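Structural overview for review
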Amino acid sequence: MISKKDKQDIFNYVSSINSELEKKVYSPTTVTKEVLSWTSLQKELTKKVFEIILKQDEPFILKGQEKEQVERLVRSYLIENWEFKEASEHLRQIQNLIVNSKQSDKLLRRYQGILEHGEVQSDNSPEDMELVRSDLVSVIGGQLKVSNRIYEAVFNSSWVTQELKKNKRSIWSFFRRRRQSRLVRLVILSVLALLAAVASPLVIDFSKLTAVINPTPHPPRPKVDNPKTFKEVQVPRGLFSYGGSTSFAPIYSPVEQAIENAHRQFQLRYLSHSTGAYGSNIGIKMLLDGQLYFSLSSRGLEPEDYESAKQRNFTLSEIPVAIDAIAVAVNPDIKLNGITIEQLKGIYTGKFTNWNQVGGPDRLITAYSRHKEDGGTVKFFVENILGGGEFGSNVKFIPTTTEALQKVIKNPGGIYYGSAPEVVPQCWVKSLPIGRQATKLVPPYKEPFVPPSQCPKQRNQLNKEAFKSAQYPITRHLFVIVKQNGQDEERAGKAYANLLKTDQGQELIEKAGFVKIR
């Protein structure tokens, strides 16, 4: 249930923005009803949707468009690929509460029943109470219901099925995993002896039952020196949490699916920090703190990372698995053939504040970046483009690449940098050719450039050959960061890296928009 205080807070908030809302929409009252139909007065989500509306150009929602436009915004900004959108912190906190619970399987099955029936009678069980505390479910008139339409769209039946697969444990696998347990064998043999004593006519095939108790062990999978497929890679058994770089985002799903097809016993779960933050730096910190088994990073390890590991009595290693490039995006209205590394540095240190200083139109430059502590891409940019220096006071910091690109689309003088697979295929920004010299500018896309008018029927493709040959000047490796402690963490991290380094893994990497390392 939404508390009276939260209801009052939402009422006060909507009242406070009403004058701004009137500039953006034809009917603030109708738009408010549509927003609340999605959020059901959930405070964080309600404010987030209104913030998104207020950021749009004016006038934005015309008469009769309220339902369609609000739904489009909610799906585009909050639901689709939600892990990397503005609301990911709030939504991931809910996900973590469910999947990290000691009774995760019970919670998921109970929630699955609520999804299937729309509502179920609450029995005040511990599972019901934990679902309610997570905010995913509310009790209304004694019935359990999904708290709002956004949660229902994000945490849908496919999400439940996926999480249940990760938790799946059959009774036969229980016995197989414990077949060497003397206690288990003793209990089963005692039951068999009792049956034999009280039911002499009963014919018991002890050979089959003995095979269940102590089956012939499967021979170990032979080690393949140069595995080409996922099936040929040796992996540990268990559920392993990993996290880190958002640059790896295009890889997560296809790789997890391929692993599930080849090794059901090697189960993976991507986790963000408890605050909802993610990125290379966050992933390495979580790995050091024992919250992850391994981490993914768009930067290499640094002396302070090794020192932090040493203080915890283990070491870290970095295993390169792909080649990535950083692309620079500008508004398509910027008529410019490209810029040099030195000019890019000048823009982000505040030396150049107008595009005419670097050969463009007479227009003020608005430079966008994520914060240095957010991820490996920013740290790489600072070290390799800014020479380890500081951003200029002109730089505006934005939390996510998605939001930064939206800023560039709306701002005729905007510029932003990010992982090439996230930037180059975008329809409404233009990726600039980059060079160490003005006479040797190399585009991050395959020529000819596809203008926005032809997108999305056609999209710009990555200039992978230039990335691989290092003709394009801003390239880097992507790494799996492994904790070297001789335990499950090390085995899981090395297994994941080995999977990505197979022919099959490298093909998935290439399909995701990165460059093979082999």
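In what follows, the structure referred to is the one given above.
Below or above, wherever it landed, is the structure these notes cover. (Residues numbered from 1 in each chain as written. Predicted model: local features only at pLDDT ≥ 70, side-chain atom pairs only at ≥ 80, totals over all residues. Heavy atoms only, no water.)

1. Points about the overall build of the chain
For clarity, the cut-off: Strands are runs of DSSP state E lasting at least two residues, helices are runs of H or I lasting at least four, and both sets are numbered from the N terminus onward. Accessibility here uses a 1.4 Å probe with only protein chains present; expressed as a share of the type maximum, an area under 20% marks a residue as buried, one over 50% as exposed, and anything in between as partly exposed. Residues are treated as being in contact if the distance between any of their heavy atoms lies within 4.5 Å. For the accessible areas, the method is Shrake-Rupley and the probe is 1.4 Å, while residue cover comes only from the protein chains on display.
From N to C terminus, the chain includes 23 helices and 14 strands. Across the 518 residues that make up the chain, the buried fraction comes to 50%. Partitioning the contacts of the chain with sequence separation of at least 6, the portion at a separation of at least 24 is 71%. Of the roughly 25,800 Å² that the chain leaves accessible, carbon and sulfur atoms contribute 51%.

2. A closer look at the side chain of Arg92
With respect to the secondary-structure elements, Arg92 resides in helix α6 (residues 88–99). For Arg92, the residues in contact, after removing those within four places along its chain, are Trp82, Glu83, Tyr270, Ser272 and Tyr278.

3. Observations regarding the sheet that holds strand β2 (residues 137–140)
This is how the line gets drawn: Note on pairing: DSSP must find at least two bridges between two strands before they are called paired. Lines fitted to C-alpha atoms define the axes, with helix axes restricted to the stretch in contact, and inter-axis angles between N-to-C directions lie between 0 and 180 degrees.
If you trace the three strands from one edge of the open sheet to the other, you get β1-β3-β2, paired in antiparallel fashion. Each having just a single partner strand, β1 (120–121) and β2 make up the two edges of the open sheet. Pairing geometry for β2 and strand β3 (residues 143–146), over four bridges, is antiparallel. Pairing of Ile140 across the sheet is with Gln143, part of β3. Helix-sheet contacts for helix α7 (residues 104–117) involve β1, β2 and β3, and the interaxial angle to β3 is about 85 degrees.

4. Here we look at the packing of α7 against helix α8 (residues 126–133)
Filter applied, for reference: Working rule for angles: under 35 degrees goes down as roughly parallel, over 145 as roughly antiparallel, 65 to 115 as roughly perpendicular, anything else as oblique. For this classification, Asp, Glu, Lys and Arg are treated as charged, while Ala, Val, Leu, Ile, Met, Phe, Trp, Tyr, Cys and Pro are nonpolar and the rest, including Gly, are polar.
It is the contact of α7 with α8, at a shortest axis distance of 10 Å, that shows an interaxial angle of 80 degrees. The pairing of α7 with α8 is recorded here as roughly perpendicular in orientation. Together, Lys106, Leu107, Arg110, Tyr111 and Ile114 of α7 and Glu127, Asp128, Glu130 and Leu131 of α8 make up the contact between the two elements. Looking at side-chain class alone, the contact of α7 with α8 contains four nonpolar, no polar and five charged residues.

5. What to know about the packing of helix α14 (residues 249–262) against helix α23 (residues 503–511)
The following threshold applies: By definition, any crossing whose near helix is turned counterclockwise from its far helix by less than a right angle is left-handed, and any crossing with a clockwise turn is right-handed.
Where α14 meets α23, the axes come as close as 10 Å, and the angle between the chain directions of the two elements is 150 degrees. With respect to their mutual orientation, α14 and α23 come out roughly antiparallel. Once α14 is placed against α23, the crossing between them reads as right-handed. Residue-level contacts link Ile251, Pro254, Val255 and Ala258 of α14 to Gln504, Leu508 and Ile509 of α23. For the contact of α14 with α23, the residue count by class is six nonpolar, one polar and no charged.

6. Considering the nonpolar core
Here is the rule: Buried residues of nine kinds, namely Ala, Val, Leu, Ile, Met, Phe, Trp, Tyr and Cys, make up a nonpolar core once their side-chain atoms join them within 4.5 Å.
Ranked by internal contacts, the top residues of the largest apolar core, which has 49 residues, are Tyr348 and Ile415. When contributions to this core are tallied by element, the ones reaching two or more residues are β7 (315–330), α17 (341–349), β9 (366–369), α18 (376–384), α19 (401–410), β11 (414–419), α20 (420–423) and α21 (464–469). A total of seven residues in this core trace back to one element, the largest contributor, which is β7. Membership of the second largest hydrophobic core comes to 45 residues, among which are Ile79, Leu115, Leu144 and Trp159.

7. Here we look at the pattern of salt bridges
Note the cut-off: The term salt bridge refers to a side-chain nitrogen of Lys or Arg lying within 4 Å of a carboxyl oxygen of Asp or Glu.
Here the structure, examined in full by the defined rule, presents 25 salt bridges. In this structure, Arg110 engages Asp128 in a salt bridge whose closest nitrogen and oxygen atoms are separated by 2.7 Å. Of this pair, Arg110 sits in helix α7 while Asp128 sits in helix α8, and the two are 18 residues apart along the sequence. Overall, the relative accessible area of 23% leaves Arg110 in the partly exposed class. Of the residues examined, Asp128 reaches a relative accessible area of 0% and is grouped as buried. Three or more residues joined by partner-sharing salt bridges are found here, namely Lys5, Asp6, Asp9 and Lys43.

8. Considering unusual backbone geometry
Peptide bonds are trans in most cases, and residues, glycine excluded, mostly fall at negative phi. Pro448 follows Glu447 through a cis peptide bond whose omega is 5 degrees. The backbone of Ser40 shows a phi angle near 50 degrees, a positive value even though the residue is not glycine. Mapped onto the secondary structure, Ser40 falls in the loop between α3 (28–39) and α4 (43–55). Within the chain, Leu41 stands out as a residue other than glycine whose phi angle is a positive 70 degrees. Assignment of secondary structure puts Leu41 in the loop between α3 and α4. Take Leu41: its relative accessible area is 23%, and that puts it in the partly exposed class.

9. Some thoughts on the packing of aromatic side chains
Applicable threshold: Each pair of aromatic rings taken from Phe, Tyr and Trp, with Trp reduced to its six-membered ring, is defined by centres within 6.5 Å and is described as stacked if the planes are under 30 degrees apart, edge-to-face if over 60, and tilted in the remaining cases.
Under the definition given, this model contains 22 aromatic pairs. Taking 5.1 Å as the distance between ring centres and 75 degrees as the angle between the ring planes, the aromatic pair formed by Tyr348 and Phe381 counts as edge-to-face. With Tyr348 in helix α17 and Phe381 in helix α18, the pair connects residues that are 33 residues apart, well separated along the chain. Residues Tyr348 and Phe381 agree in their burial class; the two are buried. Measuring from centroid to centroid gives 6.5 Å for Phe381 and Phe391, while their planes differ by 10 degrees, and the two rings are stacked. Placement of Phe381 in helix α18 and of Phe391 in the loop between α18 and β10 (396–397) is noted, with a sequence separation of 10 residues between them. According to the relative accessible area criterion, Phe391 is buried, its value standing at 16%.

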